[in-house]
Amino acid sequence: MDITPLSVTIRELYEGYYNDEEEGVVAYNERLNVRPPYQREFVYKPAQRDEVVRSVMAGMPLNVFYWAKAPDDKLEMLDGQQRTMSVCEFVDSSFSVDNRYFHNLTNDEQERILDYKLDVYVCDGTDSEKLKWFQIINIAGEKLEDQELRNAIYAGPWVSDARRFFSKTSGPAYQVAGDYMSGEPIRQAYLETVLGWAGAREGKEIAAYMAEHQHDANAKELWAYFRDIFYWVEATFPVKRKEMKGLPWGLWYNEYGNQQFDADVLEARIQELFADEYEVTRLKGVYEYLLTGNESALSLRSFDKRDMARKYEDQGHKCAICGKTFPIEKMQGDHITPWSEGGKTVYENLQMLCTTCNIKKGNK
């Protein structure tokens, strides 16, 4: 990797600046690709963006920018996208800092900003060298998420198309499943999640799945899979609730998507379980329980330790099933009538069992 220092004014950087959410971002007389395929979206918060502009206005130095040579005398941004877009968008008067847009500044203030010099290192090397350098220099600053690094490693038309669906704030994936997904699309949370689900369906890790599809022409198959998941969710559980957000819907679709469920029966059971707040302490677990039968997902209320100690004494320190004597730390509180059969977590329904008997009873 050959590295050459370069001094560039904001005036030169801003020449030919163009920002299109779908097509990308260019600057430096349209020679600089500010957002090449391996780059993340713009993720700076307003406070971070404003501080970049304030630093420039005060004449304070910004960290070094890294560009890479590309074919046809073009350049690619390796590091500095967030700062580049901050200053260019300000010069474009897209936002104000301290209630002043660029066009509100005096001529001499504008000139000082435009004449501000950026320290740039221009790197020349192979694609693999550029990628490795990109990973190294992005260790500092706004931390790259794991999926952002994967996007860089497996850059290509498939990843670019997938980002169009899954990585846009209020984009297609958000429109379909914003009520069910957690995390920020722009930080690749949606893309990482759906890739995890799609990979799991084929028994692959995310990286292996991306490697297989890297050179696909588009990500329409992944997008169709994502939509199928949430068509199934809405057909199976038509009433939306806040507890549905962030659940592993894709994994459940992989396993149960071909099964027939009666949505009305499920909804009636959901209402019953949500109403039983004394016993069911984790309402988000209701959906897992209804699909899988896993009672532990509900975090059912446990017996009070004082009640267990009292019952232990009442039983004469003996297991209620095998009749053997055990220290209390070797015994567990058990529902005489199981919760699934209507048993409640009350003293009258409590018995103390040794660990072995409790496991045997639970396995019946």
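This section reports on the structure supplied with the text. (Residues numbered from 1 in each chain as written. Predicted model: local features only at pLDDT ≥ 70, side-chain atom pairs only at ≥ 80, totals over all residues. Heavy atoms only, no water.)

Where strand β1 (residues 2–9) and strand β7 (residues 117–124) come together, eight bridges link them in antiparallel fashion. Residue V8 lies in a different strand from β7, and its bridge partner there is L118. Pairing analysis gives four bridges linking strand β5 (residues 65–70) to β7, with the strands arranged parallel. Bridging across to β7, A68 finds its partner in C123. (Pairing = 2+ DSSP bridges. Helix = DSSP H or I, 4+ residues; strand = E, 2+ residues; numbered from the N terminus.)

Within the largest apolar cluster, 47 residues are counted, with the highest numbers of intra-cluster contacts made by F166, L222, F226, F230, F237, W249 and Y287. Breaking this core down by element, the ones donating at least two residues are α7 (157–166), α8 (172–177), α9 (189–201), α10 (206–213), α11 (220–236), α12 (249–256), α13 (263–275) and α14 (285–292). With eight residues, α11 is the largest single contributor of residues to this core. Non-local contacts of L222, meaning those with residues more than four positions away in its chain, are made with W158, A162, F166, L191, V194, L195, A198 and Y209. Membership of the second largest hydrophobic core comes to 33 residues, among which are V25, V34, L75 and F90. (Core = buried A, V, L, I, M, F, W, Y, C linked by side-chain atoms within 4.5 Å. Buried < 20%, exposed > 50% of the residue type's maximum accessible area, 1.4 Å probe, protein only. Contact = heavy atoms within 4.5 Å.)

A few words on the pattern of salt bridges. A full pass over the atoms with the stated rule returns 20 salt bridges. The salt bridge partner of R54 is E51, with a shortest N-O separation of 2.5 Å. One end of the pair is R54 and the other is E51, both in helix α2 (residues 46–57) and three residues apart, which spans about a single turn. Owing to a relative accessible area of 28%, R54 belongs among the partly exposed residues under this scheme. R164 serves as the salt-bridge partner of D161, at 2.8 Å between the closest nitrogen and oxygen. Here the residue D161 and the residue R164 both occupy positions in helix α7, the gap between them amounting to three residues, near one helical turn. If you follow the salt bridges from partner to partner, you end up with R11, E111 and D115 in one network. (Salt bridge = Lys/Arg side-chain N within 4 Å of Asp/Glu carboxyl O.)

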